[in-house]
Each structure stands twice: as C-alpha cells, then as structure tokens.
Amino acid sequence: MQIPKLKLPSKEAVMRVYKKSPVSLGDLFVYVMLILLAFVFLYPFAHMIVTSFKSYSDIINATVKWIPKSPTLQNFKIAAMAMRLDQTVINSLVVTVLATIGHVFACSYIAYGFARYKFPLRGVFFALVVLSILMPVQVIIIPLYMTYSQFNMIGTYLPLIIPCFFGFGLKGGLFVFLYRQYFLGIPKSLEEAASIDGCGPLKTFFRIAFPSAGSTTIVCIVLSMVWHWNDYFEPQLYLTQPESMLLPQIVDSLKALIAAMQNAIMQGNSEFSGMDATLYHNGTVMAGTVISMLPPIIAYMFLQRKFMEGIERSGLTGM
C-alpha cells in the first residue's frame, strides 16, 4: 500500500499566517489596561470576601493576608443577627419588587406614547425626560421631601414606590429612553395589522409592542432591581423607624449595631449568652456586606445572558 505524500504549505502561506498571528502593540496595550482595570474592580471584592471568613485571631495577625489560618462562618451568623435579616430582607424585597414592576410597565407605556403618537410639545417633554437622567436626585430632594410630607408619606414606602408607577422614581427617565428607542424600530405594519384585526391602542400595546420588547424589559428589570436594592440615600431620608428600614440602611449602621451587641455581651445580657465579645470585628462587618450583595449577584447570574443581549439590542452601549 502506497502512503500518500503530505503536501506541505508554501513559504508564502506560512509567512502570511506568521504576520497575522502576533499580537500588535495596540492590542497588547488594551489587554494590559483591561487587566489593570479588572484588578481595580476585583481587588476590593476579593478583600471583602476573604476578610468575611477571618476569625478574630486572623484579623489581629499581621501575617495573615489572603488565606485565613482559622476560617469561620460565625461572622455571617452574627452579622445576620445584628442586621435583623429576616425583617430587613423582606422590607427590601417589597420595595424592590413593587418599584421594578412600576418602572417596567409605566416607563414602557410612556415610551410607547413618545414613539408612536404626535402631540404638542412632544420634543420638549422628551427633553425633560432625558434631563431627568442627567439630574441627580440630591438636586430636587428638598421639594420632593416637602411634597411627600404634605401627603403624609414620610415613614412609609410610598415615596420609593409611587413615583415608579408614573415613570419617574429612581432612573425612570433612562428606562423611558430605552423603551422609546426600541419602539421606534418596530415596523408600523405590525400595529396596522393589529388595528385591522380590531385591536385598539391599549390592546396593540399590551399584545404587540410590549411582548416584543423582551430584551429591553430584561435590561430594565435588572437595572431597576439592582439600583433599588442598593439605594441608600432616599430610604435614609424617608424611613426613620428601625422596623421599616431597608438592608442598605442597616449595613451602613452595622458597625454601630455590632458595637452595641458587644457592649451587651460584656454586660452579661442573657439574649447573647454564650457568645464571645471578640467575635465582633471587621470580619463581621465584611460578612454583613457580602450578605447584602448576594441577592443582586444571584439574580444577575440567572439573567446574565438575556441582560447582555438586551444591552446590545437596546443601544445602551452607545450612550
């Protein structure tokens, strides 16, 4: 049996591949900058997670940096107790879910009106919507607080939830902008066909326009959920009673709560009997911070692919 001869590539073909394969200096610079940028973002998270597992002996030991010698889960137990986790998580979930639902439906409906209907001063009103994206809430917080106080909303969740159902709320203007950009790209023939079949404006929106905006809806859900869950500024002003506080408020005062628990242990409080006062240190504070970050991270892990697709389709990367 004759073995076929292998045909070797020509010298010119090898040189063409060789010239294309090396990384250019521009690409190398981009990779180095990305690595450095990733380090800047990831280093605090890595430090926080490692510290949350350190025991008191690891905290006071200067030689322990990244690998705890005696890791412990006690920090998470004590942080959950100090933050009253069973109550604050429910409070945060109620506000986050209701505000996100309000943002999705109100902002999409408002954006559909901007995209499909012509009315006087439409450009001016949309310019005000865009302006609300650029204007921080700190600029208008005093008139907002005065308005909500006149309606006896201070001390309740209504100032955080009600504005979302009117397309305002936390970054509501951005969601109106995203939905409007999507609805402008929908062919009008679909709506005309729905109108011929007997669909009115409302039915056309809820059966044709809104269901087709799934990718944009995912983007709005993820962003609204994360921003409302992590919001600290407005809840700190509107919610003053401990039983109604949200998780970010508790995390901010976690160090003071832990110090109070430590004093109670040292004074022999029966509620904390059997606990060691030396357990309350920076590791416990870091554990509470990790707990507060887990829900948005878990939600993003499940919605990551749809979220990235929505980012590409909504044009958010070009902003």
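Placed above this text is the structure.
Residues numbered from 1 in each chain as written. Predicted model: local features only at pLDDT ≥ 70, side-chain atom pairs only at ≥ 80, totals over all residues. Heavy atoms only, no water.

Caption draft 1: The overall build of the protein, seen in detail. Of regular secondary structure, the protein possesses 16 helices and zero strands. Classification of the 319 residues of the protein by burial places 36% in the buried group. Contacts in the protein between residues far apart in sequence, at least 24 positions, make up 75% of those at least 6 positions apart. Summed over all atoms, the accessible surface of the protein reaches about 19800 Å², with 69% contributed by carbon and sulfur. (Helix = DSSP H or I, 4+ residues; strand = E, 2+ residues; numbered from the N terminus. Buried < 20%, exposed > 50% of the residue type's maximum accessible area, 1.4 Å probe, protein only. Contact = heavy atoms within 4.5 Å. Areas by Shrake-Rupley, 256 points an atom, 1.4 Å probe, with all protein chains shown as cover.)

Caption draft 2: Fine view of the packing of helix α5 (residues 85-116) against helix α11 (residues 201-212). Here α5 crosses α11 at 105°, and the two axes come no closer than 12 Å. One finds that α5 runs roughly perpendicular with respect to α11. The residues of α11 that touch α5, namely those facing Val104, Phe105, Ser108, Tyr109 and Tyr112, are Leu202, Thr204, Phe205, Ala209 and Phe210. (Axes fitted to C-alpha atoms, helices over the stretch in contact; angles between N-to-C directions. Parallel < 35°, antiparallel > 145°, perpendicular 65-115°, else oblique.)

Caption draft 3: Representation of unusual backbone geometry within the structure. Positive phi, normally seen in glycine, also occurs at leucine 121, with a value near 65°. Residue classification places leucine 121 among the exposed positions, given a relative accessible area of 55%. For asparagine 152, which is not glycine, the phi dihedral falls at a positive 55°. Mapping asparagine 152 onto the fold places it in the loop between α7 (141-150) and α8 (158-161).

Caption draft 4: Spatial organisation of the side chain of threonine 96. Secondary-structure assignment places threonine 96 in helix α5. Exposure remark for threonine 96: the relative accessible area of 5% places this residue in the buried category. A distance of 2.7 Å separates the side chain of threonine 96 from the backbone oxygen of serine 92, its partner in a polar contact. In this structure, threonine 96 is in contact with Met225, His228 and Trp229, ignoring residues within four places of it in sequence. (Polar contact = N/O pair within 3.5 Å; in protein donor to acceptor, adjacent residues only side chain to side chain.)

Caption draft 5: Molecular detail of the packing of aromatic side chains. On inspection of all chains with the given rule, the structure shows 19 aromatic pairs. Arranged with centres 5.5 Å apart and planes meeting at 75°, the rings of tyrosine 43 and tryptophan 66 form a pair that is edge-to-face. Within this pair, whereas tyrosine 43 is found in helix α2 (residues 25-52), its partner tryptophan 66 is found in the loop between α3 (56-60) and α4 (74-82), the two being separated by 23 residues in sequence. Residue tryptophan 66 is classed as partly exposed on the basis of its relative accessible area, which comes to 41%. Between phenylalanine 114 and phenylalanine 126, the ring centres sit 5.4 Å apart and the planes meet at 65°, which makes this aromatic pair edge-to-face. Note that phenylalanine 114 is positioned in helix α5 and phenylalanine 126 in helix α6 (residues 122-134), a separation of twelve residues in sequence. (Phe/Tyr/Trp six-rings, centres within 6.5 Å; stacked < 30°, edge-to-face > 60°.)

Caption draft 6: Broad picture of the side chain of serine 292. The topology assignment puts serine 292 in helix α16 (residues 282-314). With sequence-adjacent residues up to four places away left out, serine 292 is seen in contact with Trp229, Leu247 and Val251.

Caption draft 7: Structural context of α6. Relative to the 18 Å expected for 13 residues at 1.5 Å per residue, α6 spans 19 Å between its end C-alpha atoms, a close match to the ideal helical length. Looking at the buried side of α6, the elements it contacts are α5 and α9 (172-184). (Expected span 1.5 Å × (residues − 1).)

Purely spatial values, then, with no claim about function.
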